[in-house]
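Observations on the model geometry
If you want the building blocks of each chain, they are given just below.
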Amino acid sequence: MNATRMGPPPADDEDEPEVTRASVERERRRRQEVEQAAARTAMTRRSWYTRATAVDAFQRAVDDIHHATRTPKHEVVAALLEAAAGQADRVQRRLSHASHE
């Protein structure tokens, strides 16, 4: 049996992508975008107690927007909650003034 001597594999720089700061940053941004997309589509359920009049008004708003746009209700609810969260400072100021009267 003849033994065949094997040399090192041929150098082929095309097999391995070059790792640079830019490529690492691109990969980090891509992973972050994937995580953010997953977070945007993740669903959850919460339970709060509040006045029936507030819930009724919220339900009317959800229904009105849903029927006008045919946007799925869970997306309408999310948009309304995000809009409300954007007004948190204003609501806090209003409630702080009301509690001192």
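As a reminder, the structure under discussion sits directly above these lines.
These lines cover the structure that appears in this document, whether it is placed above or below. Quick caveat: nothing in here was measured; it's all calculated off a predicted structure.

Turning our eyes to something else, we now look at unusual backbone geometry. Positioned with a positive phi, Arg70 is a non-glycine residue whose angle comes to about 60°. Structurally, Arg70 can be placed in the loop between α2 (52-69) and α3 (73-86).

Attention now moves to the environment of Met43. Mapped onto the elements of the fold, Met43 is located in the loop between α1 (21-41) and α2. As for Met43 and Thr71, which are separated by 28 residues in sequence, their C-alpha atoms are 16 Å apart.

Across all of its chains, the model carries five salt bridges by this definition. Of the charged contacts in the structure, one is a salt bridge between Arg31 and Glu27, with a shortest N-O distance of 3.5 Å. Here Arg31 pairs with Glu27, and both are found in helix α1, just four residues apart, close to one helical turn.

Quick notes on the rules
Residues numbered from 1 in each chain as written. Predicted model: local features only at pLDDT ≥ 70, side-chain atom pairs only at ≥ 80, totals over all residues. Heavy atoms only, no water. Helix = DSSP H or I, 4+ residues; strand = E, 2+ residues; numbered from the N terminus. Salt bridge = Lys/Arg side-chain N within 4 Å of Asp/Glu carboxyl O.

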